[in-house]
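Chain and residue survey
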Amino acid sequence: MDKGFDCVVIGGGAAGCFAAIEFARRCPDARVAVLERGSRLLAKVAVTGGGRCNITNSFGDVKSLERVYPRGHRLMKRLLYKFGPEDTFAWFEREGVELVTQDDGCVFPRSQNAMQVVNCLVYLMRKLGVCVMTETRAVSIVPDGEGYRIETSGGIIGAERVIVTIGGQPGGRGYSLLDGLDIDVVDCVPSLYGLCVDDGGLKELTGTVIENAVVSLTGTRIWAEGPMLVTHWGLSGPAVLKLSSYAARILSERDYKADIMVRWLTGDREDIAERLRELASGASGKQLHNVYPRKLNGRLWLHLLRRAKLDAGMRWGALGGGERNRLVNVLTGDMYHVVGKNRFKEEFVTCGGVALSGLKYDTLESRSHPGLFFAGEAMDVDAVTGGFNLQAAWTTGYVAAQGAAGV
Ligand SMILES: Cc1cc2nc3c(=O)[nH]c(=O)nc-3n(C[C@H](O)[C@H](O)[C@H](O)COP(=O)(O)OP(=O)(O)OC[C@H]3O[C@@H](n4cnc5c(N)ncnc54)[C@H](O)[C@@H]3O)c2cc1C
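Residues take numbers from 1 onward in each chain, read along the sequence in its written order. In view of the model being predicted, local features appear only for residues whose pLDDT reaches at least 70, and side-chain atom pairs are presented and counted only at 80 or more, with totals across whole chains, interfaces and linings using the full set of residues.

1. Looking at the overall build of the protein chain
- When you go through the protein chain residue by residue, the secondary structure sums to 13 helices and 18 strands.
- Dimensions of the protein chain, computed from the C-alpha atoms along their principal axes, are close to 85 × 40 × 35 Å.
- The contact criterion used here is simple: two residues whose C-beta atoms, placed from the backbone, lie within 7 Å are in contact. Sequence separation of at least 24 residues holds for 74% of the intrachain contacts in the protein chain that already meet a minimum separation of 6. Only DSSP runs of H or I covering at least 4 residues are called helices, and only runs of E covering at least 2 are called strands; the numbering of each starts at the N terminus.

This is how it looks when you write it as structure tokens:
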């Protein structure tokens, strides 16, 4: 064995770098190393939030953690008390990264530059003397006396404690590192993607943003709400990304072929029928295409009239009960066929990973392998968009470091 470390972190992403810093701060004399298979640290953080880095969320609008962390909400509930969004805010501001909270709760660096976060973490690791080994892939972890032997692409490294933060592993391939340790890994499937929809009419609406839509997966109780974007290939935006997260497993099982229902306006059927009656009475002499609910735009309205098989030139006053019903049906439950998923330029995380049942919740240490810890997306924890995934990386990195340091 050529090198011995007190703690080796495998993976130089958000969770790994944060864990290395927190461990090194707790154990100033310890030898700490980060192994990163890529050529630079924090490559993903550099592109988060479209290069702006949605570093956390105020959690102000969060009614249930289950809606935010479809996988891992119980664990996160427990761990957010140890290191939550306020702690993240204070931590980064203390290190000179000034943050701002948007109206929607998303938190970004005031500089709007993800590289400020990357540089901050890299600087701290250097200052704390963390040994960074890039282009070093960990291949296997083998128990060795009181510690572990890590086989890497650059040789064998010894470690008393190991923190595994290899990130999400699409298809689960990267977990071969754990072969031989008998650690349960929950099947990995993608989460957070747009849905390709087979509908020519929708294509004509490319670029349309719906302020608040509800999208549901037919035949299930899975639904999501929020802004929605029509693209040239289908539907995207927060509501759809959330749906892809809640339904990650079921959509994968169905090979991304499914029917979804779009509710274009908020409110129940009765509300919407009433709003249409009001429109009709205030504009009875006007044609349907000229007067429409305020939350929709003209192009979308024409599309919806076509979906309801209504003549756009018809006068509002001539709209009968049955026709109004057809319009209400389309506004509250417009069905589309999903033909695949899209990941072009989208946020993308993995659902699945190291099973939480095999970990001690308070330290993230493996139940069967003392001294082996996990953090970040490598675990079966993932969130919807809004800064919650990075918060999970900071929180779990912090807790694993605390557990590994024993303080
Ligand atoms: C385009 C994009 C934008 C995003 N934007 C946001 C956002 O704004 N806000 C938010 O909250 N979340 C965002 N996310 C999600 C967020 O980036 C991740 O959830 C988070 O980075 C996970 O951190 P991690 O450290 O667990 O994993 P990662 O950041 O994936 O880091 C894991 C590291 O481990 C390395 N590694 C893997 N295997 C090995 C091995 N065997 N040996 C050595 N090294 C290895 C990898 O190269 C990688 O560097 C975004 C994701 C993407 C893809």
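Now that the structure is up, let's keep going.
2. Here's the deal with the site of the ligand
- Near the ligand lie 37 residues; those nearest to it are Gly-11, Gly-13, Gly-49, Gly-167 and Gly-376.
- At the level of elements, helix 1 (14-26), helix 2 (43-47) and helix 13 (388-405) are the ones that each hand at least two residues to the shell around the ligand.
- For this scheme, ten residues count as nonpolar: Ala, Val, Leu, Ile, Met, Phe, Trp, Tyr, Cys and Pro. Four count as charged, namely Asp, Glu, Lys and Arg, and the remainder, Gly too, count as polar. Here the residues of the shell around the ligand sort into 17 nonpolar, 14 polar and 6 charged. The criterion for a residue being near a molecule or strand is simple: its C-beta atom, placed using the backbone, must lie within 6 Å of it.

3. Thoughts on the nonpolar core
- Only buried Ala, Val, Leu, Ile, Met, Phe, Trp, Tyr and Cys residues enter a nonpolar core, and they are joined through C-beta atoms within 7 Å. Counting other C-beta atoms within 10 Å of each residue's C-beta, where C-beta atoms are placed from the backbone, gives the exposure class: buried for 20 or more, exposed for 12 or fewer, partly exposed between. Ranked by internal contacts, the top residues of the largest apolar core, which has 118 residues, are Val-8, Ala-20, Val-162 and Ile-163.
- By residue number, the principal contributor to this core is helix 13, which donates 10 residues.
- Domain limits in this description derive from either an automatic procedure or a database domain assignment. Here this core gathers at least three residues from each of two domains, domain 1 (3-190 + 348-405) and domain 2 (193-346).
- Every residue in contact with Ile-163, bar those within four places of it in the chain, is listed here: Cys-7, Val-9, Ala-19, Phe-373, Ala-375, Ala-400, Ala-401 and Ala-404.

4. Digging into the pairing of strand 13 (residues 223-230)
- For strand 12 (residues 209-217) and strand 13, the ladder comprises 6 bridges, and the chain directions are antiparallel. Opposite Val-215, over in strand 13, you have Ala-224 as the bridge partner.
- The hairpin turn running from strand 12 into strand 13, its antiparallel successor, is 5 residues long, and Gly-219 in that turn takes a positive phi close to 80 degrees.
- One bridge is not enough; two strands pair if DSSP finds at least two bridges between them. Relative to strand 14 (residues 234-236), strand 13 runs antiparallel, the two being bridged by 2 bridges. Its bridge partner being in strand 14, Leu-229 is matched across the sheet by Ser-236.
- Taken together, strand 13 and the strand that follows it, strand 14, pair antiparallel across an intervening segment of 3 residues.

5. Let's talk about the sheet that holds strand 4 (residues 99-101)
- Here we have 3 strands laid out as an open sheet, ordered 3-5-4, and antiparallel in their pairing. Each edge of the sheet is formed by a strand with only one pairing partner; in this case those strands are strand 3 (56-57) and strand 4.
- Inspection of the sheet shows strand 3 paired to strand 5 (residues 106-109) by 2 bridges, in the antiparallel sense. Among the inter-strand pairings, Asn-57 is bridged to a residue of strand 5, identified as Cys-106.

6. Here's the deal with the pairing of strand 17 (residues 349-354)
- In terms of residue burial, strand 17 counts as a mostly covered element, since 6 of its 6 residues are buried.
- Where strand 10 (residues 185-191) and strand 17 come together, 5 bridges link them in antiparallel fashion. The residue of strand 17 that forms the bridge with Pro-190 is Thr-350.

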